[in-house]
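Structural features, examined
Chain by chain, the residues:
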Amino acid sequence: MTEPTTGLVSGLVTELITMGRIGVDVYPLQSGLSLRHVETFGKYLGGSPSNVAVAAARHGRSSAVITRTGADPFGEFLHDALRGFGVDDRYVTPVAGMPTPVTFCELFPPDDFPLYFYRFPTAPDLQIHPEELDLSAIARAEIFWATVTGLCQEPSRSATLAALGAATGTVVLDLDYRPMFWASREEAARFVRQALPHATVAVGNLEECAVAVGSHDAESAAALLLAAGVKIAIVKQGPDGVLATDGVTTVVGPPVPVEVVNGLGAGDAFGGALCHGLLSGWDLERTVRFANAAGAIVASRLSCADAMPTSAEVEAVLELAGSGTTLTAAHSASLAPVSGPAPSSKPPESSRPVPVAGPPRDPGPVPAFDPPTNLTGERS
Ligand SMILES: Nc1ncnc2c1ncn2[C@@H]1O[C@H](COP(=O)(O)OP(=O)(O)O)[C@@H](O)[C@H]1O
Ligand SMILES: O=C(O)C[C@@H](O)C(O)C(=O)COP(=O)(O)O
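Residues numbered from 1 in each chain as written. Chains lettered and ligands numbered in written order. Predicted model: local features only at pLDDT ≥ 70, side-chain atom pairs only at ≥ 80, totals over all residues. Heavy atoms only, no water.

This part is about the overall build of the protein chain. For the protein chain, the helix and strand inventory stands at eleven helices and 16 strands. The burial tally for the protein chain puts 55% of its 380 residues in the buried class. Pairs at least 24 residues apart make up 73% of the contacts formed inside the protein chain by residues separated by at least 6 positions. With the model as given, the accessible surface of the protein chain reaches about 15,900 Å², and the carbon-plus-sulfur share is 56%. (Helix = DSSP H or I, 4+ residues; strand = E, 2+ residues; numbered from the N terminus. Buried < 20%, exposed > 50% of the residue type's maximum accessible area, 1.4 Å probe, protein only. Contact = heavy atoms within 4.5 Å. Areas by Shrake-Rupley, 256 points an atom, 1.4 Å probe, with all protein chains shown as cover.)

The subject of this paragraph is the site of ligand 1. Around ligand 1, a shell composed of 16 residues is seen, among which Asn205, Lys236, Gly238, Gly241 and Asn292 lie nearest. In the model, an oxygen atom of ligand 1 is placed 3.0 Å from a nitrogen or oxygen of the Gly241 main chain. Relative to its free-state accessible area of 540 Å², ligand 1 is covered by the protein chains to the extent of 85%. Sorting the residues of the shell around ligand 1 by element identifies α8 (266-280) and α9 (284-299) as the ones contributing at least two each. By residue class, the composition of the shell around ligand 1 is eight nonpolar, seven polar and one charged. (Near = heavy atom within 4 Å. Polar contact = N/O pair within 3.5 Å; in protein donor to acceptor, adjacent residues only side chain to side chain. Nonpolar A, V, L, I, M, F, W, Y, C, P; charged D, E, K, R; others polar.)

Our focus in this paragraph is the site of ligand 2. Near ligand 2 you find 16 residues, and of these Arg21, Asp25, Tyr27, Gly47 and Gly265 are the closest. Between Ser48 and ligand 2, the recorded distance is 3.1 Å, taken from a backbone N or O atom to an oxygen atom. Taking Asp268, its main chain carries an N or O atom lying 3.0 Å from an oxygen atom of ligand 2. Burial of ligand 2 by the protein amounts to 91% of the accessible area it has alone, namely 400 Å². For the shell around ligand 2, the elements supplying multiple residues, two or more each, are β2 (23-28), α1 (48-58), β9 (115-118) and α8. The element contributing the most residues to the shell around ligand 2 is α8, with three residues. For the shell around ligand 2, the class distribution of residues is six nonpolar, six polar and four charged.

What follows concerns the packing of aromatic side chains. Inspection of every chain in the model, using the stated rule, returns seven aromatic pairs. For the pair Phe120 and Phe181, a centre-to-centre distance of 6.0 Å together with 50° between the ring planes defines the contact as tilted. With Phe120 in the loop between β9 and α3 (135-140) and Phe181 in the loop between β11 (170-174) and α5 (185-195), the pair connects residues that are 61 residues apart, well separated along the chain. One Lys or Arg, Arg157, reaches over the ring of Phe191 and ends 3.8 Å from the middle of that ring. Over the face of the ring belonging to Trp282 we find Arg286, whose NZ or CZ atom lies 4.0 Å from the ring centre. (Phe/Tyr/Trp six-rings, centres within 6.5 Å; stacked < 30°, edge-to-face > 60°. Lys NZ or Arg CZ within 6 Å of the ring centre and 35° of its normal.)

Counting 59 residues, the largest nonpolar core has Leu45, Val87, Trp145 and Ile234 as its most contacted members. In terms of residue count, α9 provides more of this core than any other element does, ten residues in total. Setting aside chain neighbours within four positions, we find Ile234 in contact with Val201, Ala202, Val203, Gly204, Val242, Leu243, Ala244, Phe270 and Leu274. The next biggest cluster of nonpolar side chains, apart from the first, holds 58 residues, and it includes Leu161, Val192, Leu196 and Leu302. (Core = buried A, V, L, I, M, F, W, Y, C linked by side-chain atoms within 4.5 Å.)

Before going further, it helps to spend a moment on the sheet that holds strand β4 (residues 41-46). Ordered by their spatial adjacency, four strands build an open sheet running β4-β2-β8-β9, and the pairing between neighbours is mixed. Across the chains shown, the open sheet's two edge strands, defined by having one partner strand only, are β4 and β9. For this sheet, the mean angle separating the axes of adjacent strands, direction not counted, is 25°. As defined by bridge partners, strand β8 (residues 102-105) adjoins β9 across four bridges and the pair is classed as antiparallel. Bridge assignment links Phe104 to a residue of β9, and that residue is Tyr116. (Pairing = 2+ DSSP bridges. Axes fitted to C-alpha atoms, helices over the stretch in contact; angles between N-to-C directions.)

Here we take up helix α10 (residues 311-322). Counted at 1.5 Å a residue, the expected span for α10 with its twelve residues is 16 Å, and the 16 Å between its end C-alpha atoms agrees. Within α10, burial applies to Glu313, Val314, Val317, Leu318 and Leu320. Along the axis of α10, the buried residues cluster in a sector spanning 160°; they form a single face. Projecting away from the buried face of α10 at angles above 90 degrees are the exposed residues Ala312, Glu319 and Gly322. Buried residues along α10 sit in contact with α9 and α11 (329-335). Backbone geometry just downstream of α10 places Gly324 in the positive-phi region, at approximately 80°. (Expected span 1.5 Å × (residues − 1). Arc of directions from axis to C-beta.)

Attention now moves to the environment of Ser50. Following the sequence through the fold, Ser50 ends up in helix α1. On the basis of relative accessible area, Ser50 is assigned to the buried category, the value being 0%. For the pair Ser50 and Asp268, spaced 218 residues apart in sequence, the C-alpha separation works out to 8.7 Å. Those residues within four positions of Ser50 in sequence are excluded, and the remaining contacts are Thr18, Arg21, Ile22 and Val65.

Right, let's talk about the pattern of salt bridges for a bit. Throughout the structure, instances matching the rule amount to nine salt bridges. Taking the shortest distance from any N to any O, the salt bridge between Arg61 and Glu15 comes out at 2.9 Å. Of this pair, Arg61 sits in the loop between α1 and β5 (63-70) while Glu15 sits in the segment before β1 (16-19), and the two are 46 residues apart along the sequence. A relative accessible area of 5% places Arg61 in the buried class. Arg178 is the salt-bridge partner of Asp176, the closest N and O atoms lying 3.4 Å from each other. On the basis of relative accessible area, Asp176 is assigned to the buried category, the value being 3%. Residue classification places Arg178 among the partly exposed residues on the basis of a relative accessible area of 24%. When salt bridges that share partners are traced, they join Arg21, Asp176 and Arg178 into one network. (Salt bridge = Lys/Arg side-chain N within 4 Å of Asp/Glu carboxyl O.)

This is the structure we're talking about:
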């Protein structure tokens, strides 16, 4: 393992290379409101595999992400953020004429966090071409992490399959299924089946496992994933914890009780911590316990990448959970290190967005919006 999270990987084998989407998460600073009424937002690095690279870097791992941004200021922000978190951005390239995607969400804790992706009809990170990949770097990485979303469109689909074929270390396939990116569920299932034989580890939530292997039941989905050839199958179940099996040992990780602020990003925190456990050579039980707590911590915070915990934070929360105490949002925020790999330009992660007793989620008819007549918002 390298020294924690200070800089770019150079001349060393990268412990983790992830591949897939990146974007700017524009998340509300007000909880309990429809986007129709939210007035203030925070801006964060986002995109599931990019979040995973950040999460692993927080545990001191050397990580890099293969992705593409627009050639615009949001793309520059993402480079700054990756570097700030200690993630190698050498495989992040711009695509001319295509904006960096933004992603909004709504906060309806404890279990409803609708996502609004602005990346249609396509996004720069789906323009990764197979011939542009550094296949030897992928082959040398100790862990290569790919996502099913990377299979939803060409050229990213061919590139993802080429990278999966080139990897020689541990290959994690994140079953990450976002229906809006696919023509049909059947099409997604077809490409998951093409990718699965390359994977050593498959990780997904219940719905994603159902797309991959057709079962919504955690135990049978895990068994079907093992039958498809993976060595470790992991079924994430949000507030219900996780089930993981290698065919010999089955671990059921109970949830770590938390006050939920935003459930988004918990899976990516789990993923980065999973990579840390695999790289550390921990047994399945220790790895799952640790990753479970990392997921819970991010669920108790607003953002995704910026909320990823260090190993010390995870250990502190495991100790707290051991004493039967629920992790509150305020306590979670107080655990975050004062200094660390976060971009220096970033305002501190607020402990939680302000819950707003404002208009209801669906407030019914409101007066017609009188639109501004020019882009500066001035009316003539
Ligand atoms: N509300 C929660 N309470 C406690 N732990 C949670 C909660 N939400 C997520 N987690 C932890 O994070 C892991 C991943 O979250 P999950 O929501 O299942 O993944 P994804 O975001 O990929 O759907 C879960 O398996 C669990 O360990
Ligand atoms: O994945 C995205 O493109 C947006 C993310 O940054 C995000 O907020 C998210 O949904 C994280 O995914 P999860 O960990 O599977 O909840």
